[in-house]
Amino acid sequence: MPQNDGQGPHFQELYFKHSKNIIIMKKTVLLALMAVVATTAVTAQDLEQRGDRRGPDPEKRIEHQVKRLDKKLNLTEEQKQQLTEFYQEFDKTQMARMEQMRQLEKKDREALDGKINSILTEDQKAKYAEMKEKEKEMWKEGREGFEPGKGFGPGRGHGPGRGHGGPGSMGGFERDMGE
């Protein structure tokens, strides 16, 4: 009677199937890794082109806008200069308006916090303050350059639940409180 050395036809069939699965798995992992590397490279290039999270610097953006209009409207040099000045003035006005809005939001947040604290017990106030502090730390760790009241976090989008963490946004500590 011949000895079964564990390498009969059944063993070879299983070994072949297993080997094919390993090869497929390796290819899948390699493709996934390549996708991650490509995505990272594109993101890094995009950030490099924009300079930072706020987009291109104002002078480059203005230059681009004037070039775009010149291409469509065939502007004179004087018109291009005037447009550049208009856009610069507009940017200054917008920046001032945004700073005013940040100050108003900060004032509104402080007023809201005062109202919330006015109805809480001492224990609840302590827990609420702790929750706010944790949120602030989370922002500092996860967002370079984030400053409370000036941030550039979740409030950059539009639509429901995307505010600056104000009432109804279900962001941050309000969500943690189960509201």
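Residues numbered from 1 in each chain as written. Predicted model: local features only at pLDDT ≥ 70, side-chain atom pairs only at ≥ 80, totals over all residues. Heavy atoms only, no water.

### A few points about helix 3 (residues 77-119)
Here helix 3 spans 63 Å end to end across 43 residues, near enough to the 63 Å set by a 1.5 Å rise per residue. Within helix 3, the full set of buried residues consists of L83, Y87, D91, R109 and D113. (Helix = DSSP H or I, 4+ residues; strand = E, 2+ residues; numbered from the N terminus. Expected span 1.5 Å × (residues − 1). Buried < 20%, exposed > 50% of the residue type's maximum accessible area, 1.4 Å probe, protein only.)

### Let's talk about the confidence of the model for the chain
Here the chain averages 76 in pLDDT, while 63% of its residues score no lower than 70. Ranking the elements of the chain by mean pLDDT puts helix 5 (residues 172-176) last, at 46, and helix 3 first, at 95. Counted against residues more than four places away or in other chains, residues 156-179, with its pLDDT under 50, gives 29 contacts. (pLDDT = per-residue confidence, 0-100. Contact = heavy atoms within 4.5 Å.)

### Focus on unusual backbone geometry
One non-glycine residue, N74, lies in the positive phi region at around 55 degrees. Relative to the elements of secondary structure, N74 occurs in the loop between helix 2 (58-73) and helix 3.

### Looking at the pattern of salt bridges
Enumeration according to the criterion identifies 9 salt bridges in this entry. In this structure, K80 engages D70 in a salt bridge whose closest nitrogen and oxygen atoms are separated by 3.3 Å. With K80 in helix 3 and D70 in helix 2, this residue pair connects regions lying 10 residues apart in the sequence. The residue E130 makes a salt bridge to K134 at a minimum N-O spacing of 3.4 Å. One end of the pair, E130, and the other, K134, are both in helix 4 (residues 122-142), 4 residues apart, so they sit about a helical turn from each other. (Salt bridge = Lys/Arg side-chain N within 4 Å of Asp/Glu carboxyl O.)

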